[in-house]
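Chains, contacts and geometry: an overview
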Amino acid sequence: MSDIIQFDYKDHWKEKEITLQRTNSAHESLGFTIAGGIDLPFMNHRFTSIIITNITENSLAYRNKQLKLYDIILRVNNFDFTNIKHQKAVDILRTSGHKIQLLIRRLAPSYSEEIELTHNGKLNIYINGGIGNEYFINDHGIFITDISKYQTNKQLDIGDRLLQISSTSNTYDLRFVTLEYAKKYIQLACTESQTIKLYVGHTRRTERTVLHQEQYDPFGSNDESSVNNTDPNAGINQKIAEELKLKQAVIRDAHEERIRRQQSRMGQMARINSGRTGGALRWQVD
């Protein structure tokens, strides 16, 4: 068993009270989108939390500047959101009045770092975790569980949390993904450029300069899986890159189609329950 089990990641998560104030009317749009619920899990059947999946530009939540992407909602006013159905959560947020007090849970490692790596087709690290395959209870992060002897970069540590990976052309978020998505994103980044940047959350302070949460945030079975991005003797070629990009497009299309189906179901439920029509009841929180 990896030495990673000795680490405690509770301090990577922060609970925060946020107040939103409607100024125009009690029905003013809050301007963010939610997913999840015990009856409508998001990404994986094990993940039932209510989570912020989008914040509309220039909306109330956007101007307030306190909510962030992937914040998990624990409570709204006096209503517990930790074991709630999706439509019930939407209804509470819609009718929460002029002053809305939210308790959220946010991933915010105290010590994080941007690490630049040059590779030969392999990162030579092992990862585990992700949504539906939590390596630690109540933590869906992607963690480095082992490092190959061929990985000579001394900035990486066993136990580091992967937050993001960037090639010279694209950035991939690793904070809210399944293990399969994490492996695909890492593989894509490595096929796109020989030099990549990894943003990691450390378990402890290091002697190196570290970044804070605001600096790395670009967006406002326990079997270990090796990140061996290509055959070590094959190298990276254009055909592989094109195939991987095609697979990524297929994954994204399927994911978007799933969201559309969920939105359609939620819209039908809303019309049946309230007699009203309109897309706001589906995912967008008014």
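Residues numbered from 1 in each chain as written. Predicted model: local features only at pLDDT ≥ 70, side-chain atom pairs only at ≥ 80, totals over all residues. Heavy atoms only, no water.

Focus: the overall build of the protein chain
- A tally of helices and strands in the protein chain yields five helices and 14 strands.
- Within the protein chain, buried positions represent 50% of all 286 residues.
- Counting every atom, the protein chain has about 14600 Å² of accessible surface; 45% of that belongs to carbon and sulfur. (Helix = DSSP H or I, 4+ residues; strand = E, 2+ residues; numbered from the N terminus. Buried < 20%, exposed > 50% of the residue type's maximum accessible area, 1.4 Å probe, protein only. Areas by Shrake-Rupley, 256 points an atom, 1.4 Å probe, with all protein chains shown as cover.)

Digging into the side chain of S96
- Considering the arrangement of structural elements, one finds S96 in the loop between helix 2 (86-94) and strand 6 (99-107).
- Here the side chain of S96 touches L93 through a polar contact of 2.8 Å, landing on its backbone oxygen.
- Among residues more than four places away in sequence, those in contact with S96 are R22 and N77. (Polar contact = N/O pair within 3.5 Å; in protein donor to acceptor, adjacent residues only side chain to side chain. Contact = heavy atoms within 4.5 Å.)

Some details on the pairing of strand 6
- By the bridge criterion, nine bridges tie strand 1 (residues 13-21) to strand 6 in an arrangement that is antiparallel. Each residue of the ladder has a partner; that of E17, found in strand 6, is L103.
- Sheet analysis places strand 4 (residues 72-76) next to strand 6, joined by four bridges and oriented antiparallel. By the bridge assignment for strand 6, I73 is matched with I104. (Pairing = 2+ DSSP bridges.)

Points about the nonpolar core
- L123, I127, L156, L162, I165, I186 and L198 are the most contacted members of the largest nonpolar core, which has 24 residues in total.
- At the level of elements, strand 7 (112-118), strand 8 (125-129), strand 9 (142-147), strand 10 (161-166), helix 3 (179-192) and strand 12 (195-201) are the ones that each hand at least two residues to this core.
- By size, the runner-up hydrophobic cluster in this structure holds 21 residues, among which are I50, I92, L93 and I100. (Core = buried A, V, L, I, M, F, W, Y, C linked by side-chain atoms within 4.5 Å.)

Digging into the pairing of strand 8
- In terms of burial, strand 8 is a largely internal element, four of the five residues being buried.
- One ladder, built from five bridges, connects strand 8 with strand 9; its direction is antiparallel. When the bridges of strand 9 are listed, N128 appears paired with F143.

Here's the deal with unusual backbone geometry
- In this structure, K65 is a non-glycine residue whose phi angle is positive, near 65°.
- You can see K65 is positioned in the loop between helix 1 (60-64) and strand 4.
- Despite not being glycine, Y70 has its phi angle at roughly 75°, a positive value.
- Residue position: Y70 is located in the loop between helix 1 and strand 4.

Considering the environment of E17
- Here E17 shows up in strand 1.
- You can call E17 partly exposed: its relative accessible area is 47%.
- Placed 84 residues apart in sequence, E17 and Q101 show a C-alpha to C-alpha distance of 7.0 Å.
- Setting aside residues up to four positions removed in sequence, E17 forms contacts with Q66, R75, L102 and L103.

Observations regarding the packing of aromatic side chains
- Evaluation of the coordinates by the stated rule reveals seven aromatic pairs.
- On the numbers, 5.1 Å between centres and 20° between planes, the contact of Y70 with F176 is stacked. Separated by 106 residues along the polypeptide, Y70 in the loop between helix 1 and strand 4 and F176 in the loop between strand 11 (171-173) and helix 3 bring together distant segments of the chain.
- Exposure remark for Y70: the relative accessible area of 24% places this residue in the partly exposed category.
- The class for F176 is buried, based on a relative accessible area of 7%.
- Grouping aromatic residues by their ring pairs yields a cluster made of F42, F47, Y70 and F176.
- Across the ring face of Y62, the terminal group of K65 is positioned such that the distance to the ring centre comes to 5.7 Å. (Phe/Tyr/Trp six-rings, centres within 6.5 Å; stacked < 30°, edge-to-face > 60°. Lys NZ or Arg CZ within 6 Å of the ring centre and 35° of its normal.)

Focus on helix 3
- In a regular helix each residue adds 1.5 Å, so 14 residues correspond to 20 Å; helix 3 covers 20 Å between its end C-alpha atoms and thus fits that length.
- A large share of helix 3 lies buried, amounting to ten of its 14 residues. (Expected span 1.5 Å × (residues − 1).)

Considerations on the confidence of the model for the protein chain
- Across the protein chain, pLDDT averages 77, with 68% of residues at or above 70.
- Note that residues 212-242 has pLDDT below 50 and, in this model, 65 contacts with residues that lie over four places away or in other chains.
- The model gives residues 274-283 a pLDDT under 50, and that stretch makes 28 contacts with residues more than four places away or in other chains. (pLDDT = per-residue confidence, 0-100.)

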